[in-house]
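Residues per chain, in single letters:
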Amino acid sequence: GAVVSQHPSRVICKSGTSVKIECRSLDFQATTMFWYRQFPKQSLMLMATSNEGSKATYEQGVEKDKFLINHASLTLSTLTVTSAHPEDSSFYICSARDHPRQAMNTEAFFGQGTRLTVV
Amino acid sequence: RKEVEQDPGPFNVPEGATVAFNCTYSNSASQSFFWYRQDCRKEPKLLMSVYSSGNEDGRFTAQLNRASQYISLLIRDSKLSDSATYLCVVSNGTSYDKVIFGPGTSLSVIP
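Residues numbered from 1 in each chain as written. Chains lettered and ligands numbered in written order. Predicted model: local features only at pLDDT ≥ 70, side-chain atom pairs only at ≥ 80, totals over all residues. Heavy atoms only, no water.

Considering the overall build of chain A
Part 1: When its secondary structure is counted, chain A shows zero helices and 11 strands.
Part 2: Overall, chain A shows an N-to-C arrangement of helices and strands of β-β-β-β-β-β-β-β-β-β-β.
Part 3: In terms of C-alpha radius of gyration, chain A reaches 14 Å, essentially the compact-globule figure of 14 Å for 119 residues.
Part 4: The principal-axis extents of the C-alpha atoms in chain A amount to approximately 45 × 25 × 25 Å. (Helix = DSSP H or I, 4+ residues; strand = E, 2+ residues; numbered from the N terminus. Rg over C-alpha atoms; globule rule 2.2 N^0.38 Å.)

Thoughts on the nonpolar core
Part 1: The biggest cluster of nonpolar side chains holds 38 residues, and the ones touching the most others in it are Tyr 36 of chain A together with Trp 35 and Ile 71 of chain B.
Part 2: Element by element, the count of residues in this core is highest for strand β9 (residues 84-91) of chain B, at six residues.
Part 3: With 25 residues, the next largest nonpolar core counts Val 4, Met 33, Leu 79 and Ala 96 of chain A among its residues. (Core = buried A, V, L, I, M, F, W, Y, C linked by side-chain atoms within 4.5 Å. Buried < 20%, exposed > 50% of the residue type's maximum accessible area, 1.4 Å probe, protein only.)

Structural notes on the pairing of strand β3 (residues 19-25) of chain B
Consecutive side chains of a regular strand alternate in pointing toward one face of the sheet and then the other.
Residue and element names in this part refer to chain B.
Part 1: Of the two faces of β3, only one is covered, namely that formed by Val 19, Phe 21, Cys 23 and Tyr 25; the face formed by Ala 20, Asn 22 and Thr 24 stays uncovered.
Part 2: Two strands pair when backbone bridges link them, and β3 and strand β8 (residues 70-75) are joined in this way by six bridges, in the antiparallel orientation. Within β8, the residue paired with Cys 23 across the bridge is Ile 71. (Pairing = 2+ DSSP bridges.)

Section: the sheet that holds β3 of chain B
Residue and element names in this part refer to chain B.
Part 1: Across the sheet, which stays open at both edges, the five strands sit in the order β1-β3-β8-β7-β6 with antiparallel pairing between neighbours. Every interior strand has two partners, whereas the edge strands, β1 (4-6) and β6 (55-57), have only one. Mean inter-strand twist for the sheet, computed between neighbouring axes without regard to direction, equals 20°. (Axes fitted to C-alpha atoms, helices over the stretch in contact; angles between N-to-C directions.)

Description of the packing of aromatic side chains
Part 1: One pass over the full model with this rule turns up 10 aromatic pairs over all chains.
Part 2: Ring geometry for Tyr 36 of chain A versus Phe 110 of chain A: centroids 6.1 Å apart, planes at 50°, classification tilted. Separated by 74 residues along the polypeptide, Tyr 36 of chain A in strand β4 (residues 32-38) and Phe 110 of chain A in strand β10 (residues 108-110) bring together distant segments of the chain.
Part 3: Residues Tyr 25 of chain B and Phe 33 of chain B carry aromatic rings whose centres are separated by 4.9 Å and whose planes lie at 45° to one another, so their mutual orientation is tilted.
Part 4: The class for Tyr 25 of chain B is buried, based on a relative accessible area of 2%. (Phe/Tyr/Trp six-rings, centres within 6.5 Å; stacked < 30°, edge-to-face > 60°.)

A short note on the sheet that holds strand β8 (residues 76-81) of chain A
All names here are of chain A.
Part 1: With respect to topology, four strands assemble into an open sheet ordered β1-β3-β8-β7, the strand pairing being antiparallel. Pairing within the sheet leaves two strands with one partner each, and these edge strands are β1 (4-7) and β7 (67-73). Across the sheet, the mean angle from the axis of one strand to that of its neighbour is 15°, orientation sign disregarded.
Part 2: Two strands pair when backbone bridges link them, and β1 and strand β3 (residues 19-25) are joined in this way by four bridges, in the antiparallel orientation.

Description of unusual backbone geometry
Glycine aside, negative phi is the norm for most residues, and most peptide bonds take the trans geometry.
Part 1: Residue His 7 of chain A is joined to Pro 8 of chain A through a cis peptide bond whose omega torsion reads 0°.
Part 2: Inspection of the secondary structure puts Pro 8 of chain A in the loop between β1 and β2 (10-13).
Part 3: The amide bond that connects Gly 9 of chain B to the next residue, Pro 10 of chain B, takes the cis arrangement and shows omega of 10°.
Part 4: Here Pro 10 of chain B is to be found in the loop between β1 and β2 (11-14).
Part 5: Backbone geometry at Gln 69 of chain B places phi at a positive 55°, although glycine is not the residue there.
Part 6: Relative to the elements of secondary structure, Gln 69 of chain B occurs in the loop between β7 (60-65) and β8.
Part 7: Overall, the relative accessible area of 17% leaves Gln 69 of chain B in the buried class.
Part 8: Phi at Asp 77 of chain B takes a positive value of approximately 50°, unusual for a residue other than glycine.
Part 9: Note on placement: Asp 77 of chain B falls in the loop between β8 and β9.
Part 10: Judged by relative accessible area, Asp 77 of chain B falls into the partly exposed class, the value being 38%.

Overview of the state of the cysteines
Part 1: For the structure shown, the criterion picks out two disulfides over all chains.
Part 2: Between the sulfur of Cys 23 of chain A and that of Cys 94 of chain A lies a disulfide, 2.0 Å long from S to S. With the S-S dihedral at roughly 80°, the linkage between Cys 23 of chain A and Cys 94 of chain A falls on the right-handed side. Linking Cys 23 of chain A in strand β3 with Cys 94 of chain A in strand β9 (residues 90-97), this pair joins segments that are 71 residues apart in sequence. Just as Cys 23 of chain A is buried, Cys 94 of chain A falls in that class too.
Part 3: Sulfur-sulfur distance for the disulfide between Cys 23 of chain B and Cys 88 of chain B comes to 1.9 Å. Around the S-S axis, the bridge from Cys 23 of chain B to Cys 88 of chain B shows a dihedral of about -75° and counts as left-handed. Taken together, the positions of Cys 23 of chain B in strand β3 and Cys 88 of chain B in strand β9 put the pair 65 residues apart, joining distant regions of the chain. Summarising the burial analysis for this pair, Cys 23 of chain B and Cys 88 of chain B share the class buried.
Part 4: The cysteine Cys 13 of chain A is free of any disulfide, with Cys 94 of chain A supplying the nearest cysteine sulfur at 18 Å.
Part 5: For Cys 13 of chain A, a relative accessible area of 8% gives the class buried. (Disulfide = S-S within 2.5 Å.)

Quick look at the structure:
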């Protein structure tokens, strides 16, 4: 099946620094990727939709200047948490779907997630 | 109203029990429906897609009621390994449409 690789799996950084998280589709091209955030004991919350070659679409309440998304190729999307603060500590996870736009009922594959701790 | 709602549980059931999870969604244009399973501190993994006619995969049965905008998952003969959080997932359908997760229902199967 399709594989999505996310890196790093775990990162600890100091408050005020920036952290970049990479999401790669290994055996398919992903025009669209999705970034989620999950706080302990809560559900995955969609942060933004990453579109190859164009600007990301952010969900309401997500600061686009703080969470920078770049989708420069069909197999790579990056999320940069800028000027991270302790409240940004969370589990960040990316997702992509492996079918043409017209296909229905397509499964979403997930990266392994990145556990970010800001100290 | 949230786009996808689930009973958060937790559901604590003995081994061998049958347990049912419910999910409702608010967007009537939704076309694709899934149940995902998430183990603690891991990424979600697809359990099964949900089709209009209902579908079964071993001990798992999924049902969809479009008129009521309601999805269900039935687990028969629960195993200890079924302990996880079950996520109801809804999408408009195509690969570029965002995938919305419900809050999840926690299941613990007890020996």
